[in-house]
Amino acid sequence: MAKKPRGTKDLISPEIEKWHFLENKFKEVSKLFNYKEIRTPIFEHLEVFSRSIGEASDIVNKEMYVFSKGDGKKTGSFALRPEMTAALVRSAIENNIPEPNNIERLWYYGPFFRYERPQAGRQRQFHQFGTECLGSDSPLADIESINVAVSLIKNLGINNYELLINTLGNRNSQKIYFSILQEYLKDNSNKLSDLSRNRLEKNPLRVLDSKEKEDQEIIENAPKIQSSLDSESQEHIGKVYELLNASEINFKIDDKLVRGLDYYSHTVFEFRSNELGSQDSFGGGGRYNELFSQLGGKDIPAVGFAMGVERLLMILDKANLIPESAIKPDIYIVKADENVDEEIESILLTLRNRGLNSIRDISGRSVKSQFKESSKLGANWTIVIGEQEIDSQKLTLKNMITAEQTEIEMLELNNFKFKK
Ligand code: HAM
């Protein structure tokens, strides 16, 4: 028997109702900050990701689902999207947004794919909610992004989390830092893992997020970017810290935070929760001022973040923060005699036309088991329909919560107030 691929999930009720709860929150928060939704394809040309996330990153190196398709000359290599930022920027360039001197605020939600070793909070198909603010190089845009994320977190009732922030400086500062870091890593290359030794040529920054045991001491003692920041970079992050303090957002400066994607410059940030075990980061983001030009567009500065939906759900589940909201029928119709199907169908039509969630038995259950089924499904009302009801044109409505019974004329179904 075929099983689902490793690292994927089937979402079935009542689990799916939790997702609906979260999806509504994503929409609410995006609306509060006037962000508009964007949807792009699930797969992109491979180079969208390889040219932006970085050849030396784990994602591009070993985690992408890549496939080739086409006929003759038009064969192309594609990848299932491992993240949204690069795909969104590709789409923004293609659709000419934002217009010159304008800001575009966009949000997204959907599935992403990374071939990672599955474990709690780490999936091969996972979901992200995120926002991207395109067209501003102001620290105010950084603050707005962080504010959207914090607002979502607060709105969900999550208190137990940490916001870590760092700066990677502008490209000028990065160049200076890269050569200092590279030199330091080369001096210690005999102690580094093979993986890091390979990475240090392509992008020494990637060595800093190595999880290999033998690299940890070298990483700990590595020179920090702070000493290589030029005045523009210092000013930018200084303003971000100032504004965060003014917005009363708690944060921790973490000079080891580098993030696993190459496109960042200036501010980077991550949300962590100790409810999550080893995969403790449930969201992250930062500024990416060079990504547009790297992907062939104009020079457009931008900043954004993404949250992992599965990890958010793990936190919410642990803290019992998701209200029970399984779909319950308003009305369950119990069939009491053999030849009343047509009448029941017509009553159901009346109720559904009124927008009431109404169901009936379709598997020939006895009257007693139909009542049982009605309470199991949590129906608010049960109506028995048999020959007697059809003849008299009178119905008894049973409120399943209070056990009260109300008698009405059949015609009153058009306007009876089915209170919950
Ligand atoms: P990221 O840190 O790679 O950033 O992913 C963001 C979040 O997605 C993570 O914090 C985590 O919650 C979730 N996530 C990532 N991989 C997995 C996985 N295999 N299983 C479950 N959850 C996962 C980005 O993707 C950037 N695009 C964020 C960004 C937006 N930067 C600027 N704008």
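The model shown is predicted, which means the values in this text are computed figures rather than measured ones.

We now examine a nonpolar patch on the surface. Where nonpolar side chains cluster on the molecular surface, the patch consists of Ile42, Phe43 and Phe67 and spans about 240 Å² of accessible area. Positionally, Ile42 belongs in the loop between β1 (36-37) and β2 (43-45). The exposure class of Ile42 is partly exposed, given its relative accessible area of 33%.

Quick look at the sheet that holds strand β15 (residues 394-399) now. Reading across the sheet, the 5 strands line up as β13-β12-β14-β15-β16 and stay open at both edges, with mixed pairing between neighbours. Strands at the two margins of the open sheet, each flanked by one partner only, are β13 (358-360) and β16 (405-409). Averaged over neighbouring strand pairs, the angle between their axes works out to 25° when direction is ignored. Bridge count between strand β12 (residues 331-335) and strand β14 (residues 381-385): 5 bridges; the pairing is parallel. Residue pairing in the sheet places Lys335 in a bridge with Ile385 of β14. Packed onto the sheet, helix α13 (residues 367-377) meets β12, β13, β14 and β15 and runs at close to 170° relative to β12.

Bringing the site of the ligand into the picture now. By nearness alone, 27 residues border the ligand, and Glu83, Thr85, Glu116, Gln123 and Tyr264 come closest of all. Between Gln128 and the ligand, the recorded distance is 3.0 Å, taken from a side-chain N or O atom to an oxygen atom. With the chains in place, 96% of the 660 Å² that the ligand exposes on its own is no longer accessible. If one sorts the elements of the shell around the ligand by residue count, strand β10 (residues 281-287) sits on top with 6 residues.

What follows concerns the layout of surface pockets. Of the pockets and cavities examined, the second largest pocket occupies roughly 280 Å³. Around the second largest pocket, the lining is made up of 16 residues, and of these Pro98, Glu99, Pro100, Lys298 and Ile300 lie nearest the centre. Partitioning the lining of the second largest pocket into residue classes produces 8 nonpolar, 5 polar and 3 charged.

Residue placement: Ser273 occurs in the loop between β9 (265-272) and β10. If sequence neighbours within four positions are ignored, Ser273 has contacts with Asn160, Tyr161, Asp280, Phe282 and Ile315.

Turning our eyes to something else, we now look at the pattern of salt bridges. Following the criterion strictly, the structure yields 27 salt bridges and no others. Between Asp142 and Arg287 there is a salt bridge; the shortest N-O distance is 2.7 Å. In this pair, Asp142 sits in helix α5 (residues 139-155) while Arg287 sits in strand β10, placing the two residues 145 residues apart along the sequence. Comparing Asp142 with Arg287, the two get one shared label, buried. Two residues, Glu373 and Arg365, come together in a salt bridge whose shortest N-O distance is 3.5 Å.

All chains considered together, the criterion is met by 20 aromatic pairs. Ring geometry for Phe26 and Phe129: centres 4.4 Å apart, planes at 5°, overall stacked. With a gap of 103 residues between them, Phe26 in helix α1 (residues 15-32) and Phe129 in strand β6 (residues 125-134) connect regions that are remote in the sequence. When its relative accessible area of 0% is taken as the criterion, Phe129 is described as buried. Members of the aromatic cluster, each reached through a chain of ring pairs, are Phe26, Trp107, Tyr109, Phe129 and Phe305. Seen from the ring of Phe112, Arg81 lies directly overhead, with NZ or CZ sitting 4.2 Å from the centre.

The residue Arg311 is located in helix α11 (residues 309-318) in this model. Although Arg311 lies buried, it forms no salt bridge, and the closest oppositely charged side chain, Glu116, sits 5.5 Å away as judged by the N-O distance. When sequence neighbours within four positions are dropped, the list of residues in contact with Arg311 reads Gly121, Arg122, Leu276, Gln279, Ser281 and Phe282.

Let us now look at the pairing of strand β7 (residues 162-167). β7 sits mainly inside the fold: 5 of its 6 residues count as buried. Summarising the sheet, β7 and β9 pair through 6 bridges and their orientation is antiparallel. Within β9, the position partnered with Asn166 by the bridge is Val268. Bridge analysis of β7 against strand β8 (residues 252-253) gives 2 bridges, and the strand direction is parallel. For Leu164, the partnering residue across the bridge sits in β8 and is Lys252.

Rules used in this analysis
- One numbering rule holds for all chains: residues counted from 1, following each sequence as written.
- The predicted nature of this model means local features are confined to residues of pLDDT at least 70 and side-chain atom pairs, given and counted, to a pLDDT of 80 or more, with totals for whole chains, interfaces and linings taken over all residues.
- The side-chain quantities take in all heavy atoms of the structure and omit both hydrogens and water.
- What goes into a patch is any residue over 30% in relative accessible area without a salt bridge, connected to like charges within 9 Å or, for nonpolar side chains (Val, Leu, Ile, Met, Phe, Trp, Tyr), within 5 Å.
- Each accessible area is a Shrake-Rupley result for a 1.4 Å probe, and residues are judged covered by the shown protein chains and nothing else.
- Here, a salt bridge means any side-chain nitrogen of Lys or Arg that lies within 4 Å of a carboxyl oxygen of Asp or Glu.
- Each helix is a run of H or I in the DSSP string that is no shorter than four residues. Each strand is a run of E no shorter than two, and both are numbered from the N terminus.
- Burial classification: accessible surface area is computed with a 1.4 Å probe over protein chains only, and a residue below 20% of its type maximum counts as buried, one above 50% as exposed, and the rest as partly exposed.
- At least two bridges found by DSSP between two strands is the condition for calling them paired.
- To get an axis, a line is fitted to the C-alpha atoms, and for a helix only the part in contact is used. The angle between two axes follows their N-to-C directions and goes from 0 to 180 degrees.
- Any two residues having at least one pair of non-hydrogen atoms within 4.5 Å are treated as being in contact.
- Working definition: residue near molecule or strand if any one of its non-hydrogen atoms lies within 4 Å of it.
- Nitrogen and oxygen atoms within 3.5 Å of one another constitute a polar contact, given that in protein one can donate a hydrogen and the other can accept it, and given that sequence-neighbouring residues count only through two side-chain atoms.
- Cavities and pockets are defined on a 1 Å grid built over the protein atoms alone: a cavity is a set of grid points where a 1.4 Å probe fits but cannot escape, while a pocket is an open set with protein on both sides within 12 Å along at least five of seven lines, and lining residues are those with an atom within 4 Å of any such point.
- Grid points are joined across faces, edges and corners, and a volume is the space filled by probe spheres set on the points.
- Asp, Glu, Lys and Arg are counted as charged, while Ala, Val, Leu, Ile, Met, Phe, Trp, Tyr, Cys and Pro are counted as nonpolar; the rest, among them Gly, fall into the polar class.
- Any two of the Phe, Tyr and Trp rings considered here, Trp counted by its six-membered ring, make a pair once their centres fall within 6.5 Å; the pair's planes then place it as stacked at under 30 degrees, edge-to-face at over 60, or tilted in between.
- Our definition puts a charge over a ring when NZ of Lys or CZ of Arg is within 6 Å of the ring centre and also within 35 degrees of the ring normal.
- Note that His is not counted, nor are the chain ends; the positive residues are Lys and Arg, and the negative ones are Asp and Glu.

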